[in-house]
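Spelled out, the chains give:
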Amino acid sequence: QVQLVESGGGLAQPGGSLRLSCVGSGTTFYNYDMGWHRQAPGKQRELVAAITSDGTTNYANFVKGRFTISRDDAKRTVYLEMNNLKPEDTAVYYCNGVLVIGTQRLRDYWGQGTQVTVSS
């Protein structure tokens, strides 16, 4: 059974930092493109950052310069380092893993989410 398990969420003050982790199990990890998405109450889920299997990164404009995505394939883990947090970053953050071969999206897995709340 494939699982993605997030951790590291919690309460942070504006300007503070948090580091999210997502550990994968039940399948290969190194060949998956990984991403972090978030969903705030009443809003649609949106992409925050992504990292391909070869390490290419992509960020939403609203987190550029503040968040950093990275991966450690030996630990089957993807991270999201979040700095200079803002109240509008408050959301449930979800880890996503996608296996793409050529142009085919063969597998698509999601974690259960971790709550991030930014408030003073």
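Everything discussed here concerns the structure shown above.
Residues numbered from 1 in each chain as written. Predicted model: local features only at pLDDT ≥ 70, side-chain atom pairs only at ≥ 80, totals over all residues. Heavy atoms only, no water.

## Notes on the overall build of the protein chain
From N to C terminus, the protein chain includes zero helices and eleven strands. Ordered by position in the sequence, the α and β elements of the protein chain form the string β-β-β-β-β-β-β-β-β-β-β. Against the globule reference of 14 Å for 120 residues, the protein chain gives a C-alpha radius of gyration of 14 Å, in line with a compact fold. The principal-axis extents of the C-alpha atoms in the protein chain amount to approximately 45 × 30 × 25 Å. (Helix = DSSP H or I, 4+ residues; strand = E, 2+ residues; numbered from the N terminus. Rg over C-alpha atoms; globule rule 2.2 N^0.38 Å.)

## Side note on the packing of aromatic side chains
Within this structure, the stated rule accounts for one aromatic pair. Arg45 extends its terminal NZ or CZ atom over the ring of Tyr94, reaching a point 3.7 Å from the ring centre. Over the aromatic face of Trp110 sits the side chain of Arg45, whose NZ or CZ is 4.7 Å from the ring centroid. (Phe/Tyr/Trp six-rings, centres within 6.5 Å; stacked < 30°, edge-to-face > 60°. Lys NZ or Arg CZ within 6 Å of the ring centre and 35° of its normal.)

## A closer look at the sheet that holds strand S7 (residues 67-72)
The strand order S1-S3-S8-S7 describes an open sheet built from four strands, whose pairing is antiparallel. Every interior strand has two partners, whereas the edge strands, strand S1 (3-7) and S7, have only one. Recorded for the sheet is a direction-independent mean angle of 15 degrees between the axes of neighbouring strands. Examined bridge by bridge, S1 and strand S3 (residues 18-25) share five bridges and lie antiparallel to one another. Its bridge partner lying in S3, Leu4 is registered against Gly24. (Pairing = 2+ DSSP bridges. Axes fitted to C-alpha atoms, helices over the stretch in contact; angles between N-to-C directions.)

## Some words on the state of the cysteines
Within this structure, the stated rule accounts for one disulfide. Disulfide pairing places Cys22 opposite Cys95 at an S-S distance of 2.1 Å. When the S-S torsion is -80 degrees, as for the bridge of Cys22 with Cys95, the disulfide is left-handed. Remark: Cys95 occurs in strand S9 (residues 91-101) and Cys22 occurs in strand S3; sequence separation between them is 73 residues. (Disulfide = S-S within 2.5 Å.)

## Some details on the environment of Asn31
Position of Asn31 relative to the elements: it lies in the loop between S3 and strand S4 (33-39). Given the relative accessible area of 23%, Asn31 is considered partly exposed. Sequence separation of Asn31 and Ser53 is 22 residues, and the distance between their C-alpha atoms is 5.1 Å. Sequence-distant contacts of Asn31, defined by excluding residues within four places in its chain, comprise Ser53 and Leu99. In this structure the side chain of Asn31 is engaged in a polar contact, spanning 2.7 Å, whose partner is the side chain of Thr28. (Buried < 20%, exposed > 50% of the residue type's maximum accessible area, 1.4 Å probe, protein only. Contact = heavy atoms within 4.5 Å. Polar contact = N/O pair within 3.5 Å; in protein donor to acceptor, adjacent residues only side chain to side chain.)

## Focus: the environment of Gly10
Mapped onto the fold, Gly10 is located in strand S2 (residues 10-12). Remark: the alpha-carbon pair of Gly10 and Leu20, spanning ten residues in sequence, is separated by 9.6 Å. If we skip the residues at most four places from it in the chain, Gly10 touches Leu18, Gln115, Val116 and Thr117.

## With respect to the pairing of S3
As defined by bridge partners, S3 adjoins strand S8 (residues 77-82) across six bridges and the pair is classed as antiparallel. Residue pairing in the sheet places Arg19 in a bridge with Glu81 of S8.

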